[in-house]
Amino acid sequence: AALAPSPRPQMAALRAEIESARREAAISADLAADLAAAGGEGAASGPATEEAAAAGAEDPIRAADPLRVREILDALQSAVSVSGGGSDAAADPLLDQLSPLLANPKCRLCLRQAGGIALLVRLLPVSAPRAALLLTKLCGDRRAQLEVHQSGGTTAALRGIKAGVRLDTPTVSPAAAGGGAAAGRTAESAVQGDKVARRVAIEEVGSEDDGEESRAHPPTHTAAGPPAPSPAGQPAPSSGVLPRGLAPVTAHLRLLTAGCSHPTVSERVRQAAAAEETYPRLVRLLALSAPPENEALASLHQAHGAAAALVGALSCGVKSKALISLAAPLSAAIVARAASVAAPLDVRMSCATAIGNLSTSSAFRTQLIQVGGPEALLSLARLASPGNSSAQAGDAKNRLARDLVRAEALLPNTLAALNNLSLLPDGMAAISAPEIGPLLVPWLVEAGASRLLRRRALAVLAKGANRSADIVAHVLRDRRAVPALTRLIEAELGRGAEPAGGTAGANAQVAAGAAAGMGESGGAADGEAGDETEAEALEDGGGGGMLGNCVRLITACARDAAGPPALCDAGALPLLAAILRTPAHASSHGNAALAVAECATEPRSLAVLAVQAVVPPLLDMAHRAQGQAMKNAAIALARLAKNEHCLNAIREAHGIEILARAMKGDVAKTMARG
């Protein structure tokens with residue numbers, strides 16, 4: 001059963017409320033961090049403080065002296081003044097001395113207050129790898145992210161990429177890069193960009209196109225765009241593409257990615273990247289299959305990972321027209337990297353995150369599916385299957401721990417990307433595959449799994465189970481699965497009616513998916529509590545929350561002959577009645593009513609439902625609801641009426657008349673359509 005999504009104005013208000021709360025929390029956190037760095041241990045004394053001082057003397061990070069930072073900055077300033085902009089020989093040794101000191105928050109604060117950020121930005125053109133590395137470390141502090149941007153650091157990094165990646169030399173297509181059969185099959189047509197991505201009508205919150213900027217545009221590759229590929233099989237002339245080598249480009253990419261953690265910086269960099277022609281250069285870099293002469297393949301992998309991470313950062317939220325115009329070649333390049341078994345796992349994970357963010361746009365969804373995006377993501381998900389870790393076979397506990405660590409790293413963003421792509425029929429086939437059950441059910445029932453992993457696994461399982469009997473059969477065969485779902489619903493009901501981020505939870509849990517489908521604009525999870533809280537609030541406010549997906553999966557299981565007995569044994573039926581009685585979970589009522597209707601066909605389940613207060617909310621749905629929710633309530637009441645107690649309750653509440661009016665109106669609408 002599908003319910004209408006939350007109104008867009010209500011979701012916009014929820015997003016604005018969350019953004020305001022995030023800004024206030026960020027300002028408070030900035031102030032607290034600066035005070036903690038500057039305050040030291042205070043004036044207290046005693047054994048405890050003496051022990052702390054002794055520990056600090058032994059710890060090189062805590063023992064780092066901010067005065068030494070000032071000395072190095074003075075020496076750097078002198079070197080810059082003498083050479084008229086600095087030089088490698090003068091600056092690099094000083095930068096190497098400064099690097100370990102920045103592990104201490106006091107030293108980072110000292111550097112910022114002494115004007116060190118502006119000085120490091122001046123050194124970017126001549127000492128790019130070292131200066132960019134230091135600035136990237138500083139960007140671990142949120143306030144420094146904005147200061148680096150205001151000092152010209154992001155502009156210098158964008159120009160460094162422009163100088164370091166050339167667009168006027170040929171390269172190979174992702175097909176020759178070992179990126180997988182599906183990517184190679186469509187790479188040539190993707191680079192030509194001769195197809196206009198079709199605009200897709202999507203009802204799920206967060207998956208609608210992000211305003212005018214996100215509409216599909218015909219890819220218009222100008223002279224600045226990626227050139228035609230070299231004949232397949234020829235090595236990429238990387239030395240011509242990367243005249244300065246890989247290290248400076250990689251350093252600039254990482255600096256930009258770190259700075260884009262700040263929303264203001266991210267918005268400005270997104271605009272500047274179009275002017276500096278950064279997007280086609282990212283495509284160009286991702287398409288390279290061989291490093292420049294005398295450079296290691298590992299360096300190219302690092303550059304690929306940094307480029308994919310920057311694509312993921314720049315593709316959060318509204319997509320610029322410059323990015324949309326490169327949907328075809330960028331999709332081909334990023335999927336090729338994600339599918340490449342030769343690429344390191346962290347590179348493939350960065351590509352999965354980028355795919356998740358790109359796929360919130362209908363233009364990219366179409367292209368990503370055409371170049372084999374679902375297959376590439378499934379190949380990543382398989383790496384997280386239980387038993388795939390390197391732990392010894394005899395150590396079951398250690399093996400499970402390693403499996404869980406790998407799953408937590410791989411699956412959340414991979415599942416978010418898969419769920420976004422499932423908004424199109426070709427993408428839906430991937431999450432309806434029989435292997436989805438064995439891949440994801442173990443993490444649904446694993447007690448140590450994070451809420452994020454469970455939530456995204458549930459979103460994929462709920463969608464897949466609605467279309468695949470094999471997934472339902474696997475869920476019911478695993479005796480831990482239905483009790484785990486019951487516990488999750490019970491926990492969600494106990495969390496209260498209001499979501500964490502606002503008051504729009506009355507429209508929660510519409511059938512939706514991860515990232516775009518779950519109301520998450522970026523899809524990329526970084527494990528921070530604030531980001532997870534926002535994702536949860538947007539998810540609850542727009543559909544596809546933990547509770548909603550649990551109900552959808554239970555409803556799919558109830559359609560199987562083995563489902564009602566399993567749900568009855570696990571104690572799920574009273575919880576379905578509780579959901580129907582709770583107005584805050586109104587958008588899960590349609591699926592809950594359908595689950596009740598399916599379970600009422602089994603005698604023992606019908607007897608359990610008869611003693612629950614389930615008739616009044618179902619009658620209210622039949623009287624007030626519309627569309628499929630009203631039909632589900634009517635079907636449930638008709639099947640419950642086979643029980644004498646339920647029939648009497650329906651009669652006493654004038655339910656016969658309500659059902660007659662509901663069915664009459666439905667028949668009239670059917671006749672009008674006919």
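Residues numbered from 1 in each chain as written. Predicted model: local features only at pLDDT ≥ 70, side-chain atom pairs only at ≥ 80, totals over all residues. Heavy atoms only, no water.

(A) Looking closely at the overall build of the chain. Secondary structure assignment for the chain yields 37 helices and 0 strands. Sorting the 674 residues of the chain into buried and exposed places 54% on the buried side. At a minimum sequence separation of 6, the contacts of the chain that also span at least 24 residues come to 81%. (Helix = DSSP H or I, 4+ residues; strand = E, 2+ residues; numbered from the N terminus. Buried < 20%, exposed > 50% of the residue type's maximum accessible area, 1.4 Å probe, protein only. Contact = heavy atoms within 4.5 Å.)

(B) Expanded view of the packing of helix α29 (residues 546-558) against helix α32 (residues 589-599). Relative to each other, α29 and α32 sit at 25°, their axes nearing to 9 Å. The angle between α29 and α32 falls in the class roughly parallel. The handedness of the crossing between α29 and α32 comes out as left-handed. Contact residues: α29 offers V551, R552, I554, T555 and A558, while α32 offers N591, A592, L594, A595, E598 and C599. Here the contact of α29 with α32 is built from residues that sort into 7 nonpolar, 2 polar and 2 charged. (Axes fitted to C-alpha atoms, helices over the stretch in contact; angles between N-to-C directions. Parallel < 35°, antiparallel > 145°, perpendicular 65-115°, else oblique. Left-handed = near helix turned anticlockwise from the far one by under 90°. Nonpolar A, V, L, I, M, F, W, Y, C, P; charged D, E, K, R; others polar.)

(C) How the structure looks around the confidence of the model for the chain. Averaged over every residue, the pLDDT of the chain is 77; the share at 70 or more is 68%. Here residues 1-6 scores under 50 on pLDDT; set against residues more than four positions off or in separate chains, the count is 24 contacts. Under a pLDDT of 50 for its full length, residues 40-58 has, in the predicted model, 9 contacts with residues more than four places off or in other chains. (pLDDT = per-residue confidence, 0-100.)

(D) Just the side chain of T486, in detail. For T486, the position within the fold is in helix α27 (residues 481-494). Look past the residues within four positions of T486 in its chain and what remains in contact with it is A570, G571, A572 and L575.

(E) Examining the environment of L452 more closely. By the secondary structure assignment, L452 is in helix α25 (residues 451-465). Residue classification places L452 among the buried residues on the basis of a relative accessible area of 13%. Sequence spacing of L452 and E408 is 44 residues, and the spatial spacing of their C-alpha atoms is 8.6 Å.

(F) Local environment of the pattern of salt bridges. The tally for this structure, following the rule as stated, stands at 14 salt bridges. Close ionic contact of K162 with E276 constitutes a salt bridge, the shortest N to O distance being 3.7 Å. Residue K162 is located in helix α10 (residues 153-164), and its partner E276 is located in the loop between α14 (263-275) and α15 (278-286); the two are separated by 114 residues in the primary sequence. By relative accessible area, K162 is classed as partly exposed at 33%. Under the relative-accessibility criterion, E276 is labelled buried at 15%. (Salt bridge = Lys/Arg side-chain N within 4 Å of Asp/Glu carboxyl O.)

(G) Representation of α27 within the structure. With 14 residues, α27 should cover 20 Å at 1.5 Å per step; its first-to-last C-alpha distance of 20 Å lies within 8% of that length. Buried residues of α27: A481, V482, A484, L485, T486, L488, I489 and E492, and no others. (Expected span 1.5 Å × (residues − 1).)

(H) The state of the cysteines, seen in detail. Taken as a whole and assessed by the stated rule, the structure comprises 0 disulfides. The thiol of C316 is not disulfide-bonded; the next cysteine sulfur, from C260, is found 8.9 Å away. (Disulfide = S-S within 2.5 Å.)

(I) Structural context of the packing of α15 against helix α16 (residues 297-314). Relative to each other, α15 and α16 sit at 145°, their axes nearing to 9 Å. Once α15 is placed against α16, the crossing between them reads as left-handed. Contacts between α15 and α16 involve Y279, L282, L285 and L286 from the first element and A303, H304, A307, A308, L310, V311 and L314 from the second. The residue makeup of the contact of α15 with α16, split by class, is 10 nonpolar, 1 polar and no charged.

(J) A look at the environment of L146. Structurally, L146 is set in helix α9 (residues 142-150). A residue is classified by how much of its surface remains accessible, and L146, at 25% relative accessible area, is partly exposed. Separated by 114 residues in sequence, L146 and C260 place their C-alpha atoms 9.1 Å apart. Sequence-distant contacts of L146, defined by excluding residues within four places in its chain, comprise H262, T264 and V265.

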